Amino acid sequence: MMTKPTASFPVSENVAEMKASSTLAAMQAADTMRAAGVDVVDLGAGEPDFDTPQNIKDAAAEAMRAGKTKYTPTAGIRELQQAIIGFYQREFNAAYERNEVMATAGGKQAVFNAVVSLINAGDEVLIPKPYWVTFPEIVTFARGKSVFIETEENEFVLTADVIRRAITPKTRLIILNSPSNPSGRVIPPAEFRQIMDIVAEHDLYVISDECYLRFVYPPTEVFSAASMRPELRRRLCIAGSFSKTYAMTGWRAGYSLANAEWTRAMLKVQGHSTSNTTSISQAAATEALNGPQDSVAAMLAEYTRRREWLLGALNEIPGLHCPQPEGAFYAFPDVRGCCKGKLQTSGDFANALLEKEQTVVTDGAAFGAEGFIRISYATSLDRLEEGVKRIRRVAEGGG
Ligand code: PLP
């Protein structure tokens, strides 16, 4: 009997509804042009241009030499769990137990574990705009419904009031990300506290993605949701990452902090998918937290220098407006006043930059903010200067 040929692969409904990552697509476009010998200015990358600090690499090498190359517990090695607990105790006076801490393959997996452990089909998940591209896709995968919250009126600073207005009887979870990718904006701590009070009032849960926690610019202070009262912390899963803070994107090291029951559910998800993140990366991450922190301060100082220059230069471009981001390493300007009205969308603007000026930025529409572009300053000041020249040419000329 002949088997019937399939016209195409029958992708599952869960996955068919997910969109491919547009930030990764921007990275790919830059790679293809570079491979063809083009002088690309890549302002699309969401990763530090710094090398992983030497003490962290040494710890990984030592772990390999010592034979620490086997499976670990799904939640991670004890030393790393203790290092994470120690950090939150020291910095935010927050007491976490080991059964509330889990090492993950990056902050991304922490968010994934947390969402799929909580969300049932049809549950509503509040996601403030502009959002990291991955949040709604994970919600889709879990069969939940993303409900987006507008913040543009307040220059992308989230308030408790807009959260309150978006809650319905179906709301179950709110995903917060401060400092934000892509806007760099920070949720003021007073607003964050009010949001947590609303969350308790309505019996909801929060994922606080704190991947950019350590990169905030004075006078803004480093703030973690971990500093909430313990009864509010019960409703909270913190997703953390070593990727940005220690320039470790390729190591795939992150963590979650959540109540013991939520953590147990997340352990099931991870235990049947990726198991533990690599033993070697865990040794490196332990050193990252326990070792000297001067590399973090040095990176922050360099981002500060670039940010200052970049914001000044961008705001001199006619028609372009860029509010001051308090954290992360992105500028998120409004380009709707640029190009003498010749280009319709921020996607047109990003395409014109790519095609005419070989410059990669990310279209704000990917983050739910049409009219804006994301410019990463995780690249040298020289390249930023060249990039801004090119952006200006497109903004003035209309592509
Ligand atoms: N969360 C946000 C807001 C991010 O921007 C990123 C990376 O771009 C991540 C999580 C994922 O980081 P990781 O490399 O730790 O998975």
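Look above for the structure.
What you see is a predicted model; the values in this text were computed from it and never measured. (Residues numbered from 1 in each chain as written. Predicted model: local features only at pLDDT ≥ 70, side-chain atom pairs only at ≥ 80, totals over all residues. Heavy atoms only, no water.)

**Re the nonpolar core**
Step number 1: With 91 residues, the main nonpolar core has Y88, Y96, F242, L314, F349 and I375 as its most contacted residues.
Step number 2: Ranked by residues supplied to this core, first place goes to helix α12 (residues 294-315) with 8 residues.
Step number 3: Mapped onto the domain boundaries, this core takes at least three residues apiece from domain 1 (16-45 + 294-397) and domain 2 (54-290).
Step number 4: If sequence neighbours within four positions are ignored, I375 has contacts with L43, L310, L314, F329, Y330, A331, P333, V361 and I391.
Step number 5: In terms of nonpolar packing, the next biggest core, distinct from the first, is built from 31 residues, I127, V139, A258 and W262 among them. (Core = buried A, V, L, I, M, F, W, Y, C linked by side-chain atoms within 4.5 Å. Buried < 20%, exposed > 50% of the residue type's maximum accessible area, 1.4 Å probe, protein only. Helix = DSSP H or I, 4+ residues; strand = E, 2+ residues; numbered from the N terminus. Domains from an automatic or database assignment. Contact = heavy atoms within 4.5 Å.)

**Brief notes about the site of the ligand**
Step number 1: Lining the immediate environment of the ligand, one finds 13 residues, of which G107, D209, S241, S243 and K244 sit closest.
Step number 2: A distance of 2.7 Å separates an oxygen atom of the ligand from a polar side-chain atom of N181.
Step number 3: In this structure, an oxygen atom belonging to the ligand sits 2.7 Å away from a side-chain N or O atom of S243.
Step number 4: Notes on the ligand: free accessible area 400 Å², of which the protein chains cover 92%.
Step number 5: With respect to the detected pockets, the ligand is housed in the largest pocket. (Near = heavy atom within 4 Å. Polar contact = N/O pair within 3.5 Å; in protein donor to acceptor, adjacent residues only side chain to side chain. Areas by Shrake-Rupley, 256 points an atom, 1.4 Å probe, with all protein chains shown as cover. 1 Å grid on protein atoms, 1.4 Å probe; cavity = no way out; pocket = protein on both sides within 12 Å on 5 of 7 lines; lining within 4 Å. Sits in = over half its atoms within 2 Å of the grid points.)

**Some words on the packing of helix α5 (residues 107-118) against helix α10 (residues 260-271)**
Step number 1: The geometry of α5 relative to α10 is characterised by a closest axis approach of 9 Å and an angle of 110° between their N-to-C directions. By the angle between their axes, α5 is roughly perpendicular relative to α10. Taking contact as the criterion, the partners of Q109, A110, F112, N113, A114, V116, S117 and L118 in α5 are, on α10, W262, A265, M266, V269 and Q270.
Step number 2: Taken together, the residues that form the contact of α5 with α10 break down as 9 nonpolar, 4 polar and no charged. (Axes fitted to C-alpha atoms, helices over the stretch in contact; angles between N-to-C directions. Parallel < 35°, antiparallel > 145°, perpendicular 65-115°, else oblique. Nonpolar A, V, L, I, M, F, W, Y, C, P; charged D, E, K, R; others polar.)

**Points about the environment of S146**
Step number 1: Examined against the element boundaries, S146 turns out to sit in strand β4 (residues 145-149).
Step number 2: Sequence spacing of S146 and I56 is 90 residues, and the spatial spacing of their C-alpha atoms is 38 Å.
Step number 3: Ignoring any residue separated from it by four or fewer positions in sequence, one finds S146 in contact with V125, I127, P136 and V139.

**A short note on empty space enclosed by the protein**
Step number 1: Applying the stated criterion across every chain yields a total of 4 cavities of 30 Å³ or more.
Step number 2: Looking at the largest cavity, its volume works out to about 170 Å³.
Step number 3: As for the largest cavity, its lining consists of 19 residues, of which P128, K129, P130, N177 and S180 are closest to the centre.
Step number 4: When residues of the lining of the largest cavity are traced back to their parent elements, those giving at least two are β3 (124-128) and β5 (171-177).
Step number 5: In terms of residue count, β5 provides more of the lining of the largest cavity than any other element does, 3 residues in total.
Step number 6: Counted by class, the lining of the largest cavity contains 13 nonpolar, 4 polar and 2 charged residues. (Points joined across faces, edges and corners; volume = space filled by probe spheres on them.)

**Section: the layout of surface pockets**
Step number 1: Reported here for the largest pocket is a volume of approximately 520 Å³.
Step number 2: Lining the largest pocket are 24 residues, and of these G46, K108, W132, K244 and T249 sit closest to its centre.
Step number 3: Elements with a minimum of two residues in the lining of the largest pocket: α2 (22-35) and α5.
Step number 4: The element best represented in the lining of the largest pocket is α2, accounting for 3 residues.

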